[in-house]
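# Structural overview for review
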Amino acid sequence: MHTKIKCLALTATLFLSASLYAVDLTKAYDMPDASKMIKKDLFPEAKKYTMPKSCNLNDAAAIARGKYMFHNLNGKKAKKPAPEGLVKFTMKKGKDGKMKKKFKQFGNCVACHNIEGAKGAGNIGPDLTGYKANFIDTKARDAQFVYQKIADPRIDNPNTHMTVNLTTGLFTPEEICDFTAYIVSKK
Amino acid sequence: MKKTLLSLAFLSTMAMLQLNAGEQFAMSDSDRAMYKEMLENNPADIYVEEGGEMFEENLGGEEALAKFLGVSEKELPKYIAGFPRYIKKLGNVVGIDQVLQAMQVEQGKKKTKLKSGKMFSMLAYVKSLANDEVPNIDTTEPHEKEAYELGKKTFMTARGGRGLSCNSCHSADIVGQVLRTQPLPDLGEVASGATWPAYRMTKSSLRTPQRRFQGCMKNALLKVIPIGSKEMVALEVYVTKLAQEKGKKIAIPGLKR
C-alpha cells in the first residue's frame, strides 16, 4: 500500500517536472566533466635531479633492463621475456573483485630515437647510436647529463618534445639509472 | 541529392588521400592495396547511409534539424560547417551529436549515448550534409572564442604518465618527423577537422574526431577524457579551425590508416 502511494507520487513528480522543464534544453544532452580528470593528470614543474650514488652503470643486469625498456612500449606489447629484475605485469584486484593483469609501462624511447639494433625507430629525438664513443668518451656529455635528460628533459629545454620520465612518477630513480646505464654502455 | 553529396565528398577525400598516399609508410604492401581499394569504396559509406536512415526515422531528418536550429534547409550545410558551435537554447558550445541528443529529448525519445556506434553514424551523416563547405568556426562569437581558447589550452597541456601534450607530437616544428614508423601529420594540412568521422582501417570502424583524439590520448598515456566534455568539444573546435585556416573542405566520411 505504502509503496503504491510512493510510486504514484513519484510518477506525478516526474510528469510535472517533465512538463515544467520541457522547454529547458540546457540539461538535455550529455556534457560530462573532464576538468577534474585533467587536473589530476597534471604533474609537477621541471625538477633537477642528481644521479644516485647507487646507480651502477657497469652492471650488466641494469644495462639489460634499460635496453628492454628502451625498445618496448609496455608489458603487453613486449614479446621477449623480461630481463632479471623487471616484470611485465603485476596482479591487481579489479573493480569486480577479480584479479587482473596490470601491465607495466616501458620507455618506448625507440619511438623517437634510433640506437643500435632499433626496429622502426623514429627521428623526433637525436640518434643515440654510438653514444659512448661520440659523447661520453669525448666528454661532451656525462652520465649525470643523460640521467637528467631522461628524468626530466625540461631542465635544459623547457620546450622539449621529449617525454618526462621521473617527475611524472611513471618510473623510479632505479629505472632511470637502468636507462642511463644502457645509453652510456658500449654496444 | 544525398547521393551526389556523398560522391562529391568521396572525390575530394580521394584527391586528398592520394596526395598523402606516399607518406603512408607505416603500411605494409597488402595494407596499401586494401587502402587503394577502399579509396574507391569507402566502407564507411554504409555507416553514413545507415546514420541517415536512423536520423530520418528517429528524428525527422533535415527538416526537423533545420527547424530545431532555427535555419532554413537551404542554409543547413553552411550552418553545419560551423560546428561545434554555440547553440543558445542549449547554453553551450556543442557538437552535432549533442544537438541530436537534445532533439531526442525534446521529442520525448531516449537519448542515444554519445559514444555509441549509432550516434557515430548519425553524426557522420549530419556532418556529411556540409560536404564541400569549408568549416566556418566563428571566433568572433564570444562563446566560440572561449571554446577555441580552451581547446588550444587543452592541446598544449602536457599531462599523463609520459608528460606529453597533443602539441608534443603535432606542433609545426616536428610535423613530418617520424614517431615509430608513423610520420607525424600536420593536422591542418591533412584536414583532420574536415575529414572525421572517418573509416579507420586499423580499427575497422567508423570513428568520430573526438574518438580519434581519445586514441592519441590512450597511446600517449594521457588520461582519456570523455566525449562531449567541454574540453573535448573545445579540442574539436581547435582542430577544426586548423583545417579551416588551410581552406580545407569538409569531406565525410574520410578514410584513414
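Just so it is clear, the structure is predicted and the values come from calculations on it, not from any experiment.

## Things to note about the overall build of chain B
From N to C terminus, chain B includes 12 helices and seven strands. As presented, chain B carries roughly 11400 Å² of accessible surface, and 53% of it is formed by carbon and sulfur atoms.

## Quick look at the interface of chain B and chain A
The interface of chain B with chain A comprises 46 residues on the first partner and 36 residues on the second. Carbon and sulfur atoms make up 60% of the surface buried where chain B meets chain A, a total of about 3200 Å² over both sides. Along the contact surface separating chain B from chain A lie two salt bridges. Scanning the region where chain B abuts chain A turns up 21 residue pairs in polar contact (both at pLDDT 80 or more). Of all elements in the fold, only strand 2 (92-94), helix 6 (96-106), helix 9 (166-170), strand 3 (178-179) and helix 12 (230-245) of chain B reach the threshold of two or more residues within the side of chain B that touches chain A. Residue contributions to the side of chain B that touches chain A peak at five residues, all from helix 6 of chain B. Here the residues of the side of chain B that touches chain A sort into 20 nonpolar, 16 polar and 10 charged.

## Brief notes about the state of the cysteines
Disulfide: a covalent bond connecting the sulfur atoms of a pair of cysteines. This model, assessed by the stated rule, comprises one disulfide over all chains. Sulfur-sulfur distance for the disulfide between Cys55(A) and Cys177(A) comes to 2.0 Å. Taking the torsion about the sulfur-sulfur bond, which here is approximately -130°, the covalent link between Cys55(A) and Cys177(A) counts as left-handed. Here Cys55(A), found in the loop between helix 2 (35-41) and helix 3 (60-71), pairs with Cys177(A), found in helix 6 (residues 173-184); they are 122 residues apart in sequence, far enough to count as distant. Taking relative accessible area as the criterion, Cys55(A) reaches 11% and is therefore assigned buried. The thiol of Cys109(A) is unpaired, and the distance to the nearest cysteine sulfur, on Cys112(A), comes to 8.6 Å. Not engaged in a disulfide, the cysteine Cys166(B) finds its nearest cysteine sulfur in Cys216(B); these two sulfurs lie 7.5 Å apart.

## With respect to the packing of aromatic side chains
Taken as a whole and judged by the stated rule, the model has nine aromatic pairs over all chains. Seen from their ring centres, Tyr68(A) and Phe106(A) are 5.5 Å apart, and the 75° between their planes marks the pair as edge-to-face. Within this pair, whereas Tyr68(A) is found in helix 3, its partner Phe106(A) is found in the loop between strand 2 (99-103) and helix 4 (131-136), the two being separated by 38 residues in sequence. Its relative accessible area of 9% is what places Tyr68(A) among the buried residues. Of the residues examined, Phe106(A) reaches a relative accessible area of 0% and is grouped as buried. When the centroid spacing of 5.5 Å and the interplanar angle of 65° are considered together, the rings of Phe70(A) and Tyr182(A) count as edge-to-face. One end of the pair, Phe70(A), is in helix 3; the other, Tyr182(A), is in helix 6, with 112 residues separating them in the sequence. Accessibility expressed as a relative area gives 1% for Phe70(A), which makes it buried. Grouping aromatic residues by their ring pairs yields a cluster made of Tyr148(B), Phe155(B) and Tyr238(B).

## A look at the sheet that holds strand 5 (residues 198-200) of chain B
Residue and element names in this part refer to chain B. Read across the open sheet, the three strands follow the order 6-5-7; overall the sheet is mixed. Each having just a single partner strand, strand 6 (205-207) and strand 7 (254-256) make up the two edges of the open sheet. Looking at each pair of strands side by side, their axes are set apart by 35° on average, direction ignored. Across three bridges, the pairing between strand 5 and strand 7 is parallel. Bridge pairing links Ala198 to Gly254 in strand 7.

What counts as what
Residues numbered from 1 in each chain as written. Chains lettered and ligands numbered in written order. Predicted model: local features only at pLDDT ≥ 70, side-chain atom pairs only at ≥ 80, totals over all residues. Heavy atoms only, no water. Helix = DSSP H or I, 4+ residues; strand = E, 2+ residues; numbered from the N terminus. Areas by Shrake-Rupley, 256 points an atom, 1.4 Å probe, with all protein chains shown as cover. Contact = heavy atoms within 4.5 Å. Buried area = accessible area lost by both parts, 1.4 Å probe. Salt bridge = Lys/Arg side-chain N within 4 Å of Asp/Glu carboxyl O. Polar contact = N/O pair within 3.5 Å; in protein donor to acceptor, adjacent residues only side chain to side chain. Nonpolar A, V, L, I, M, F, W, Y, C, P; charged D, E, K, R; others polar. Disulfide = S-S within 2.5 Å. Buried < 20%, exposed > 50% of the residue type's maximum accessible area, 1.4 Å probe, protein only. Phe/Tyr/Trp six-rings, centres within 6.5 Å; stacked < 30°, edge-to-face > 60°. Pairing = 2+ DSSP bridges. Axes fitted to C-alpha atoms, helices over the stretch in contact; angles between N-to-C directions.

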